[in-house]
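Chain by chain, the residues run as shown.
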Amino acid sequence: CREWATRLQQNHARAVEEAGEKRVRIWQIYLAGCAYGFAHGWMNVYQLLASKAAAGGELMLPMTRDDLYALDQGT
């Protein structure tokens with residue numbers, strides 16, 4: 001969020017041209033607030049990944065990040 005807020009500020013004139021001053025101000029406040037919340041541990045992002053099991057009951061998705069990285073390494 002901090003990076004997005006920085007980029008929005010860097011492109012402020014273009015953002016205002018595209019979306020209007022009021023909307024850009026709302027985005028700036030939102031992004032700054034989110035960045036602050038993440039930095040202070042008040043906010044988190046959780047991700048849920050679901051998959052239907054294959055015919056034999058085997059799951060087709062890696063169960064952990066270690067499993068995912070092992071797939072990338074070909075092991």
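As a reminder, the structure under discussion sits directly above these lines.
Computed from a prediction, not measured in an experiment: that's the story for all the values here.

Undergrad: Give a detailed account of the overall build of the chain, specifying residues and quantitative values.
TA: In terms of helices and strands, the chain carries four helices and zero strands. For a compact globule of 75 residues, the expected C-alpha radius of gyration is about 11 Å, and the chain comes in at 20 Å, more than 25% above that figure. Taking the principal axes of its C-alpha atoms as reference, the chain extends roughly 55 × 30 × 25 Å. A burial count over the chain gives 9% of its 75 residues as buried.

Undergrad: A description of the packing of helix H2 (residues 12-19) against helix H3 (residues 21-39) should follow, citing residues and the corresponding values.
TA: Two elements in contact, H2 and H3, have axes separated by 7 Å at closest approach and are oriented at 125°. It follows that H2 is oblique to H3 by the angle criterion. Taken as a pair, H2 and H3 cross one another with a handedness that is right-handed. Only Glu21, Arg23, Val24, Trp27 and Gln28 of H3 make contact with H2, whose side of the interface consists of His12, Ala15, Val16 and Ala19. When its residues are assigned to classes, the contact of H2 with H3 shows five nonpolar, two polar and two charged.

Undergrad: Pulling in residues and values, what's your account of the packing of aromatic side chains?
TA: The tally for this structure, following the rule as stated, stands at one aromatic pair. Here the aromatic rings of Tyr36 and Trp42 are separated by 5.2 Å at their centres, their planes lie at 65°, and the arrangement is edge-to-face. When its relative accessible area of 59% is taken as the criterion, Trp42 is described as exposed.

Conventions and cut-offs
- Residues numbered from 1 in each chain as written.
- Predicted model: local features only at pLDDT ≥ 70, side-chain atom pairs only at ≥ 80, totals over all residues.
- Heavy atoms only, no water.
- Helix = DSSP H or I, 4+ residues; strand = E, 2+ residues; numbered from the N terminus.
- Rg over C-alpha atoms; globule rule 2.2 N^0.38 Å.
- Buried < 20%, exposed > 50% of the residue type's maximum accessible area, 1.4 Å probe, protein only.
- Axes fitted to C-alpha atoms, helices over the stretch in contact; angles between N-to-C directions.
- Parallel < 35°, antiparallel > 145°, perpendicular 65-115°, else oblique.
- Left-handed = near helix turned anticlockwise from the far one by under 90°.
- Contact = heavy atoms within 4.5 Å.
- Nonpolar A, V, L, I, M, F, W, Y, C, P; charged D, E, K, R; others polar.
- Phe/Tyr/Trp six-rings, centres within 6.5 Å; stacked < 30°, edge-to-face > 60°.

By themselves, these figures tell us nothing about what the structure is for.
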